[in-house]
Each structure stands twice: as C-alpha cells, then as structure tokens.
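Descriptive structure summary
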4 protein chains.
Amino acid sequence: MQLGLVGLGKMGFNMRERLREGGHEVVGFDPRPEVTDVPSLAALADALAAPRVVWVMVPSGPVTHDTIVSLAEVLGEGDLVIDGGNSRFTEDAPHAELLKAKGIGFIDAGVSGGVWGLAEGYGLMVGGDDADIERVMPIFDTLRPPGDRADGFVHAGPVGAGHFAKMVHNGVEYALMTAYGEGYELLAAEELIRDPQAVYQAWTNGTVVRSWLQQLLAKALREDPGLAEISGYTEDSGEGRWTVEEAIRLRVPVPSIAASLFARFESRQEDSPTMKAVSALRNQFGGHAVQRISKSG
Amino acid sequence: MQLGLVGLGKMGFNMRERLREGGHEVVGFDPRPEVTDVPSLAALADALAAPRVVWVMVPSGPVTHDTIVSLAEVLGEGDLVIDGGNSRFTEDAPHAELLKAKGIGFIDAGVSGGVWGLAEGYGLMVGGDDADIERVMPIFDTLRPPGDRADGFVHAGPVGAGHFAKMVHNGVEYALMTAYGEGYELLAAEELIRDPQAVYQAWTNGTVVRSWLQQLLAKALREDPGLAEISGYTEDSGEGRWTVEEAIRLRVPVPSIAASLFARFESRQEDSPTMKAVSALRNQFGGHAVQRISKSG
Amino acid sequence: MQLGLVGLGKMGFNMRERLREGGHEVVGFDPRPEVTDVPSLAALADALAAPRVVWVMVPSGPVTHDTIVSLAEVLGEGDLVIDGGNSRFTEDAPHAELLKAKGIGFIDAGVSGGVWGLAEGYGLMVGGDDADIERVMPIFDTLRPPGDRADGFVHAGPVGAGHFAKMVHNGVEYALMTAYGEGYELLAAEELIRDPQAVYQAWTNGTVVRSWLQQLLAKALREDPGLAEISGYTEDSGEGRWTVEEAIRLRVPVPSIAASLFARFESRQEDSPTMKAVSALRNQFGGHAVQRISKSG
Amino acid sequence: MQLGLVGLGKMGFNMRERLREGGHEVVGFDPRPEVTDVPSLAALADALAAPRVVWVMVPSGPVTHDTIVSLAEVLGEGDLVIDGGNSRFTEDAPHAELLKAKGIGFIDAGVSGGVWGLAEGYGLMVGGDDADIERVMPIFDTLRPPGDRADGFVHAGPVGAGHFAKMVHNGVEYALMTAYGEGYELLAAEELIRDPQAVYQAWTNGTVVRSWLQQLLAKALREDPGLAEISGYTEDSGEGRWTVEEAIRLRVPVPSIAASLFARFESRQEDSPTMKAVSALRNQFGGHAVQRISKSG
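Throughout what follows, the structure given in this document is the object of discussion.

Basis of the calculations
- Residues numbered from 1 in each chain as written.
- Chains lettered and ligands numbered in written order.
- Predicted model: local features only at pLDDT ≥ 70, side-chain atom pairs only at ≥ 80, totals over all residues.
- Heavy atoms only, no water.
- Contact = heavy atoms within 4.5 Å.
- Buried area = accessible area lost by both parts, 1.4 Å probe.
- Salt bridge = Lys/Arg side-chain N within 4 Å of Asp/Glu carboxyl O.
- Polar contact = N/O pair within 3.5 Å; in protein donor to acceptor, adjacent residues only side chain to side chain.
- Helix = DSSP H or I, 4+ residues; strand = E, 2+ residues; numbered from the N terminus.
- Pairing = 2+ DSSP bridges.
- Axes fitted to C-alpha atoms, helices over the stretch in contact; angles between N-to-C directions.
- Expected span 1.5 Å × (residues − 1).
- Buried < 20%, exposed > 50% of the residue type's maximum accessible area, 1.4 Å probe, protein only.
- Phe/Tyr/Trp six-rings, centres within 6.5 Å; stacked < 30°, edge-to-face > 60°.
- Lys NZ or Arg CZ within 6 Å of the ring centre and 35° of its normal.
- Least-squares fit on C-alpha atoms with pLDDT ≥ 70 in both.

Details of the interface of chain A and chain B
Each partner contributes to the interface: chain A provides 71 residues, whereas chain B provides 71 residues. Summing both sides of the interface, chain A and chain B together bury roughly 5800 Å²; the carbon and sulfur share of this comes to 67%. Contact with chain B buries area across many residues of chain A, yet A:Leu186, A:Leu192 and A:Val208 alone supply 12% of it, more than any other trio. A:Glu190 is the salt-bridge partner of B:Arg249, the closest N and O atoms lying 2.7 Å from each other. Joining chain A to chain B, the criterion identifies 30 residue pairs in polar contact (both at pLDDT 80 or more). Of all elements in the fold, only strand E6 (123–127), strand E7 (153–157), helix H7 (161–189), helix H8 (196–202), helix H9 (212–223), helix H10 (239–250) and helix H11 (255–267) of chain A reach the threshold of two or more residues within the side of chain A that touches chain B.

Okay, structure coming up:
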C-alpha cells in the first residue's frame, strides 16, 4: 500500500527500505535533501492519494509534536497519522485529540529492533482503534519479523498503549543490559577466568541466559576484548526515566530498572556528590583519611 | 566413549538419555532402584574400563562432597571425576586435591539448560587441565548444543573456573528474571494495556528484549494468564547468594543481582520486620495511623 | 503578632497552641466547629487586621489549592499567605502567581517535627522573598526550636525552595527509616542477639548511629517488643515519590531513597506480580517446584 | 580498677585517657615507643596484678588474632581478654576457645563513637558470660557516655553478640550516610536551593532527620562548602561487607545497606566495567554514539 514516511534517520531510512522491499509505495520526507523524496510536508501530502497514511519517525518530544501539528494542517478528513517514535505515551492522547479535530486518525506505534530491524524485522507494539490498525496492517506485516503475527506485533490497547508497552520494553532493556554488564564485570574481576569474552560467547547457545542482547555483548567483546576502547559514560534517552516515573505513579516496585537508570546517571558524573558527603562524614567522625582534591592538578 | 554417571535426577536422567542417543555408553548410578544401572558406586567402578571417567550430577554441598569422597575410594590412578552439579567454586580446589592424592583427575563443569537441555543441548562451562578436558571432549560435544563448539562450551580456566562461570551465569539469570518480572508487573498495572500476555508474546520476535527466558515467560503467561495460579514465593538455590558474596569479595557492585536476591528473600516473608519498624516509626513521630495486627484473626 | 491559621488538624492544632504560648494572636479556621475560632474563611479575613498574614496548614493537593484560591478572594493587597503543608514544590510558583495577581504575597514553608513539634519546636524550611520572610520572622522564631535560628530554620531560596527542601528532607527520612529497619531485622534474625530491643536502646547514646528517629525506634521497640502488634503495611504520603521523580529530573542517582519507596509499595502488595513471574519462569525452565495458589483455601 | 590496654592508636589512645580520667589504672602497650607504657606484652602481663584484665584495641583480622595468641601465652588462669576492635563476630568463638584452654576468659566488645568518644563516651555492645562482664563493668561504665547504662551499653548476648551488634551498627551507619549524601546531592542539584549547606544546618534542630551524623555533615559542609576539597573515593573497612554477607546467610533483605556498600565500590572505580558493557550494547543494537577512550590522552 501507499505510505508517507516523515523522518529518514537511522530508523526511518531503514524502514523505508524494508517497506519498499515488501512491495509498498513509500514517499519519504526528511529535511536533508540527500535522503528525502519530496521537498516538504505539503509536497508529501500532495504526493499521496487520499485517504492518506503518514508514519512519523522523528525524535520524540518537540520535534514529534511540531511534526504532528504540521501534519494536521496538510492532511485532512479520513487520513491517518502513526507516531512510530519513542514518544512518551502521555503525549498520545493529546495528539490523537488534535488530529481528531480535523477528522484525522491516530495510531501510536512502539518500534523495537534498532539497526537490525532492516534485515530481521521490527517488533511492533501499537495503540489505537481497531479500524485504524486494520487499515495499516499490510505495513505492520511488512515491518514486523516473518512468522506468526502475534510473535512480533501486538495491538496493545487504545491510543497510548503502544508507546506504554514500548516504554516498558525499554525499561526492561535497561535492566537486562545492567544484568549482563554485572555478569561481565564479575567474570573480568575473577582471576580464575582466563577469558571473559569466551564465557560470553559460550553463553550464546544452550544456556538459560541466552538472548539477543547476550549475543550482541558476546560480539562486542569479540570485537573489543576487555572493552578497552569504550567508555562507561552512558546516555539515557527518556524511556528509562519515564518507566520509573510511571512505576511510581502505578505504585509498582522496580528496583532493578531503577538501579539501571541510576547507574547511567552515575556513569556521567565526574565525582559523586553523595560519595563526597559520605567521605566527608567518615572523616568527621572517624578521622578516616580521605582523598583530597589536588589543587595543583 | 564410556562414562559413569552418578545421580539420575531431573538433570542426570536427561543427560544419560542425550549421551546414549549420541552413541556413548553410559553406566548410571542412583540410589533409586527404578532408575539406576548398577547397585552401588563400587559396582559402577567395576562396570567401567580403566582409565574411567565418572560424571557426578548430584545436589551440591554435602551430597556432592560425600560422593566425591566415596569415588576417591573406588576409583584409582588415571581415572577422572567431573563435578557437573551446582557446587560452589570454592569447593573445587579441595575436591581436586583430595582426588589428586589418589592419582585421580578433576574437572568442574557448570551445566545450564534445565529440563530443555535434553532436546536442545546444555550450555557447558568447564574448569580444569587441558589434557583432562581434551579427554572428555566427546562427552562435552554431545551434551552441548549443536553448532560451533565455542557457542555452547567454554574451557573457562583452571579447576574452579567452570563453576565460577556457572555461578555468575545464575546470578545474571536472577537479574534477568527480575527484569522481565518488573516489566510484566508494569504492563499488568496499567489499564491502557488490554492484555499483558499478548505484549509478552509480541516481544518474542524482533524486539531488543527477546530471549529464551522471555519466550518462557510468554509461554507461562499464555498457560496461566494473570499468573493467577502461581504464588510469588520463590526459593533460591545458592548461586544467587554466592554471586553476591563473591561480588563483595571482588569489590564488584552488583545492584541488580543483589536486588533480585533480596526480592526472593522478601517473597518468603509473611511480613517484613524492616517495614514493621518503618511503620512503627511513622506512628511514633507523625501519629500516622498504622495497621494493627488483628488479635482475633 | 497576629496570624490567621487555616487547618487545625494534627499539625495546625498544635502549632496554634505553640504560637499562642509564644504570645501571638492566632485566629484559626477549620471546618470542624469544635476546634475553629471563626465560622468561615471570610470571617477569618474579617477578624484579622490588614495587612494580614494567613498560614495554610491543610492536606496537600486539591485541598491546599482550593484553600489558596478561596483566600485569594477574601484577602487583598498587601496580605500574605504561607503554605505550610506538604505541597509539591512545583505547585508553589502557580500559587504565588495566582495570589500576586491580587497583590498578595506568598511563602512556602516546609514544617518538620510531627507531633513532637508542639513541645520541641518545628524545623522550618521556607521559600519566598526576603521582605515577606522578614515580616513573618516572629512567627517562624516561635515555631522553630529554641537556640540558634540557623539550626532549625532556613530561608532556602525563592518561592518553591522551602517545599523542595522539605521534600528532600522527607526523602532522606524514608531512607533513614529503612536503614534502621534493616538493622532491626538483622538483629532480630540472629540468634546470638538476646534482645534486639536492648541493642536499639543502647544505640541511643554515644554511638555513631544515634538520632532522633533511632530514639523513637528504641521507644517503639520498648513499647512493643518484636513489633508483634504492628503490620509492615506502610503508606506513603507523596514526598518520597516526588523525591525520586525530582531525582530523575535532576539526574541524581538515589538508590537508597528509591529502595525505601519501593519497599513501601511492596509492603502493600498481597503478592508480588514480579515474583509471580520469576516463580513461573523457574518452573518453566527448571521444573522447579512452585507454590500453587490453593483453590480451596 | 586496673586494666591492660593493647593498642594505643586513634581509638586506644583516647580510651586510655578517658579511663585514667575516670580513675582507673591503665597500663598500655603499643609497639610505638612514644606512646607505650611498657616495652612488651610480657612486660604488660608482669605489670598487672592477677587476675588480670587486658583490653585489645588493634586492627581487626591478623593483628587481632596474633595479639590474642600472644596474650594466651603471657596471661594465665583467671585472666580475662576483651577484644574491643572491629573483629568479625565469627572470629570470637575461636578466640574464646583458644583462651579458654588456658583458663582465660573472653569478652567481645563493639565500640562506637570514633574520635568523639574521648569527650562524649563510647557506645558499647558486648558479648560474653555474665560473670566476666560484671567483672569489667567499672571499665564499661567509664567508657560509656554518662546517663542510664542501658542507653549506651548493652550486654547483647554470648560471645560474638557484641561484635555482631557492632557490625550491624556499622551497616546501618553506611546506609544512614548514603541517605544524607543523596539528600545533599539533591539539594545541590536544584537551582532553587541557594545554599545546601544552610539547609543541612537548619536540619540539625527540630526536624525528623536530625541526628549526630546529620550534625557532622552540616559541620563538614560549613567547613568546606560544596565539598570542593574532598574526593568521593571511599574506603570500606569490612563491616559493611560482613553485614551484607550475614544478611545473605540470615536471608534478610538489605537493599539500602547493600546499595551503600556498592556505592563505595563504585567510588573507587576509574570506569565501570558494567557500564562499559552497557555502553557497548547500546552501540551494538542501536548504533548509539558511545564515548571512545582517547588513544592520545
């Protein structure tokens, strides 16, 4: 089927390719002339036959919001917008409302799989009305991995449910990565273990802990044994933070997801003010030696 | 090749079957007459041609220790014992020493895969001397999953390294399970999500969080939606505790593994003394209402 | 000086008493006829000489908001409102704005001390303009504990700073209580310790861990050895949740405050869905026995 | 009464002074000639009238063990040894056994208070037989803070109970320090807060979180606003590690003490291997930019 696709970055570019390989007609828009198919959102709307379907795949937050506001202007009655970015699920209902005022439908779609999705397919979690989702199913079926639809696609609930499920997915992802990281650190710290890389490789088949992320870590360790070339400084993209915030709202204890989020915050600190305070306290009550900051350094 | 196998429980029984299917001659011993091939350890030793290889697959701790002590009596110069149970790695060097005094070799083998190993193969992490391990390689190659040896088998280092790697494997396993558990709880708590089961099913393909454990949780949720029939009461078998203890020895921070371990302890408490104290404190300073234990109940 | 006081609950009632003992003229309003001095907010405004100062001490959230909206109607140019409740600091700027439109000033005041404040004085953290705070200083000086003003009172910053400081105070309080709770649980679990109560009593003097909360826990343990009469079920009043949320906004790792918050959530669960999932997983991969929910029970 | 005191370091030196001020006759031994009263342990034994009481106040571990072994040689029937250091409680029973073979009694004493104990008195937690403890009570009564004996002294149970109680005391201390550290970091991160130091000062009186440690942190912040001169690098002296290990043995969940311990481990890492693995994973699946280690640096 025909699809407009706004945003041809790392994700959108690959999705256009996978969709075209699947036989769909994709008209892509991106501000970068070297990748775009049309010069503007208005041109995108013109290039599509009504009723149109436009998939938005741009950074979450203001860029997504502005894109949806702009689409509300160039699209019309009967058209449909899909937000496939990592928007916070609380933004979906307002976006659906805003578009509904123009007779435009809305679906929120969580898309997982990263750069590997092009070849392997994307895990999809969507929220919206049955009819809207039914209409876009040929697109979803091409994007998702081959096999049973239920294994790589879910209509999770009404508008917002797709992004909520994707947010939780990413929260779980944070915790899984920390788990594998802790395991690696333990193996690397114990002198009996000759080669932590080989252990991670051996875990890729037959073990209880095998997983896609586990395979990727084995690969990363093969490519850079000891991870000598990579810093522990780790960004976070919003969804880990939102997961803990929603957990608080829902009164769900999430110690492992929260620990993973805090570990990222810590990874970006030069020195920990909390630990400076602890160190100062030890010095106060016990006369314990503390490390002074060198003035000359 | 020929192998003696002591312990024909959940794991050993299946391993005997997989090894026999692989063309090996396995003589099994177990105290239960209905599963054993020979009536005693002495009979096991008699039934094997020297130099013998005997795989011990019994509960870790005293039972493993006693079995190894008994084997030291019935085996002799040039024989080899493999401890495939979940022994603490610190017990391996003493066991190797004890056997070495009789000229008997020792390998520690961590075996992962649970009840699925029979069909899919077992992930193996072994410790010991190169020559000993080379000698048993036909057995390892049959037990491990098909494919590249390095993907399901590792000679992790000297005696102790196999069980250390397996201990870390199980520590990571604890944390992975908690991560998926927290994700499930979040999905189940949010009313937008129509069916947490369907989300877990959809994560099995294409997503970043897909894994063998994730598939198993999806299966468990299909079989018992809402997990209505299962209690959160969760045992722990030693390796999670040891992982945190070794982390402390190695000064490795393991917040997510520790959180997972503590969550198991909590799951087995009727009421938390820590929280009784917190509740008592709130009552003391704030006059906050607290829940009194009913006397009549 | 003269002060209007709205809200004569557990906190407000005691504060009125302490202020009157300190020589101030307090006109209190509360919907409950048995404690109120005036029948309505309008009557309260009438009873005070302009320029008036009115202290609001009502439940945070909608009740505080509605009270401030109502005060904006009955107060006027030059008057001053103090929100002494546990409002989220993000609500302070809007309230200040709303009042400013009528020429009314605003101070946010965090008040600590619970039921003990009447006798010992209240720890005060306030936010607002210098001039406004100077004006109310006689009230603050009576409410706070005797001694150096800087030891029990702080002008923490502009509007919002007082409630922010109080929120952090309460977040820290959560973590302190958990720390003492964990210590109690350890003492109670170890059979060498004859009487955990006596240990807590002995910590009240001379030790590094001595504190006001520690004394209160010793008192609670004296009154109810073993805490047999109290349940671990523990409410949370908002500020612990907000502290973790603000920590996320500020990218501050707060593992111990978050652990304390999650422990409260857990204390209110019949069974943990996270642990049900973990238990289900163990059953799936290991054939481990799990506790089934009794149907007949 | 007369007392031998072995170890005149930071703690022992002050204790000798406090005991002498209390009217006791203290004979101190220390390898450093400038502080010792006698040249050797043998001379110490000679200087004391039988039956002797000798207080050992040396670093825990091998030094304490060797000291007790040496004392077993120079003391005799009816004498009594007190281990006042931070020994692991599991070492107490063997030490008691070893001394008992010579007819020498043993008390384990946990001593809290740090450098402040000289002036304020030391919190004491002791383990041993009633008769032994009764015999040393005049010493305990001088060392402990003035006031009710039960407020600064506890006979916690048989041999080992004193050090167990002290170990838990220090575990709680770790968690309290982290709690105050997190609070400080939050205040310092929020721009509304003009002066985190002033907030900590204001918490010293009237608030729920006031404590001795809290006062010390306020003092440290006064002396070094922003803690600019102190590094977060923080050692740990054993008791935090032991507390978590004992918690695991006793199946007591201690998330806040464990988090505090792990934070110390982290404070001593240049970069976190766990976070290097997480960073590597993000790079693998998402093509996320990572910080490379500079080669030229």
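Quick notes on the sheet that holds strand E7 (residues 153–157) of chain D
Strand pairs in the sheet, formed through backbone hydrogen bonds, run parallel or antiparallel to each other. Residues and elements named next belong to chain D. Sheet architecture is open: seven strands sit in the order E2-E1-E3-E4-E5-E6-E7, paired in mixed fashion. The open sheet terminates on both sides in strands that have one partner only, identified here as strand E2 (25–29) and E7. With strand direction ignored, the average angle separating the axes of adjacent strands in the sheet is 25°. Judged from the four bridges that link them, strand E4 (residues 80–83) and strand E5 (residues 105–112) form a sheet pairing that is parallel. Note that in E5 the partner of Asp83 across the bridge is Asp108. Packing of helix H6 (residues 130–143) onto the sheet brings it into contact with strand E1 (2–6), strand E3 (53–56), E4, E5, strand E6 (123–127) and E7, and relative to E5 it is tilted by some 30°.

Observations concerning helix H1 (residues 10–21) of chain A
Residue and element names in this part refer to chain A. With 12 residues, H1 should cover 16 Å at 1.5 Å per step; its first-to-last C-alpha distance of 17 Å lies within 8% of that length. Elements that come into contact with the buried residues of H1 comprise strand E1 (2–6), strand E2 (25–29), strand E3 (53–56), helix H5 (117–120) and helix H6 (130–143). Just downstream of H1, Gly23 is the residue with a positive phi angle, here 95°.

Comments concerning the side chain of B:Ser256
Mapped onto the fold, B:Ser256 is located in helix H11 (residues 255–267). The exposure class assigned to B:Ser256 is buried, which follows from its relative accessible area of 1%. What B:Ser256 contacts, discounting residues up to four positions off in sequence, is A:Thr178, A:Ala179, A:Glu182, A:Ser256 and B:Ala175.

Considering the packing of aromatic side chains
Residue and element names in this part refer to chain A. This structure, assessed with the given rule, holds 25 aromatic pairs over all chains. With a centroid separation of 5.9 Å and an interplanar angle of 90°, the aromatic rings of Trp116 and Trp212 are classed as edge-to-face. Residue Trp116 is found in the loop between strand E5 (105–112) and H5, and its partner Trp212 is found in helix H9; the two are separated by 96 residues along the sequence. Residue Trp116 is classed as partly exposed on the basis of its relative accessible area, which comes to 27%. Ring geometry for Tyr200 against Trp203: centres 4.7 Å apart, planes inclined by 50°, an arrangement best described as tilted. Trp203 matches Tyr200 in its accessibility class, with the two residues each being buried. An aromatic cluster is defined as three or more aromatic residues linked by ring pairs; in this entry it consists of Trp55, Phe140 and Phe153. Residue placement shows Arg264 over the ring face of Tyr174; its charged tip is 3.6 Å from the ring centre.

Considerations on the pattern of salt bridges
This model, assessed by the stated rule, comprises 56 salt bridges over all chains. Residue C:Arg210 is joined to D:Glu120 by a salt bridge in which the shortest nitrogen-to-oxygen separation is 2.6 Å. Taken as a pair, C:Arg210 in the loop between helix H8 (196–202) and helix H9 (212–223) and D:Glu120 in helix H5 (residues 117–120) lie in two separate chains rather than in one. Look at C:Arg210 and you get buried, because its relative accessible area is 13%. When salt bridges with common partners are traced through the structure, they connect A:Arg88, A:Glu245, A:Glu246, A:Arg249 and B:Glu190 into a single cluster.

Thoughts on unusual backbone geometry
The omega angle of the peptide bond from A:Ala50 to A:Pro51 is -5°, so this bond is cis rather than trans. Examined against the element boundaries, A:Pro51 turns out to sit in the loop between helix H2 (41–47) and E3. The phi torsion at D:Arg251 lies on the positive side, around 60°, for a residue other than glycine. With respect to the helices, strands and loops of the structure, D:Arg251 is situated in the loop between helix H10 (239–250) and helix H11 (255–267).

Some words on the relation of the copies chain A and chain B
Note on the identical chains: chain A maps onto chain B by a rotation of 180° and an axial translation of 0.0 Å, with an RMSD of 0.0 Å. Within this description, the copies of the chain are treated as partners about a two-fold rotation axis. Residues of chain A ranked by C-alpha distance from the rotation axis are headed by A:Ser211, positioned 1.9 Å from it. With an isologous cut-off of 70% or more, the 100% of interface residues of chain A that recur at the interface of chain B puts this contact in the isologous class.

Some remarks on the environment of A:Val126
All names here are of chain A. Residue position: Val126 is located in strand E6. Separated by 43 residues in sequence, Val126 and Asp83 place their C-alpha atoms 9.5 Å apart. Ignoring anything within four residues of it in the chain, the contact list for Val126 reads Ile107, Asp108, Ala109, Ile133, Phe140, Phe153, Val154, His155, Ala156, Gly157 and Gly162.

Some points on the relation of the copies chain C and chain A
The transformation that overlays chain C on chain A combines an axial shift of 0.0 Å with a rotation of 180°, and the residual RMSD is 0.0 Å. Mapped onto chain A, 95% of the interface residues of chain C are again interface residues, and the two copies thus contact each other with one and the same surface.

Brief notes about the sheet that holds strand E4 (residues 80–83) of chain A
All names here are of chain A. Reading across from one edge, E2-E1-E3-E4-E5-E6-E7 is the order of the seven strands in this open sheet, with mixed pairing throughout. Since the sheet does not close on itself, it has two edges, and those belong to E2 and E7, each with one partner. The sheet shows a mean angle of 25° between the axes of neighbouring strands, direction not considered. On top of the sheet, H7 reaches E4, E5, E6 and E7; it is set at about 15° to E5, its chief contact.

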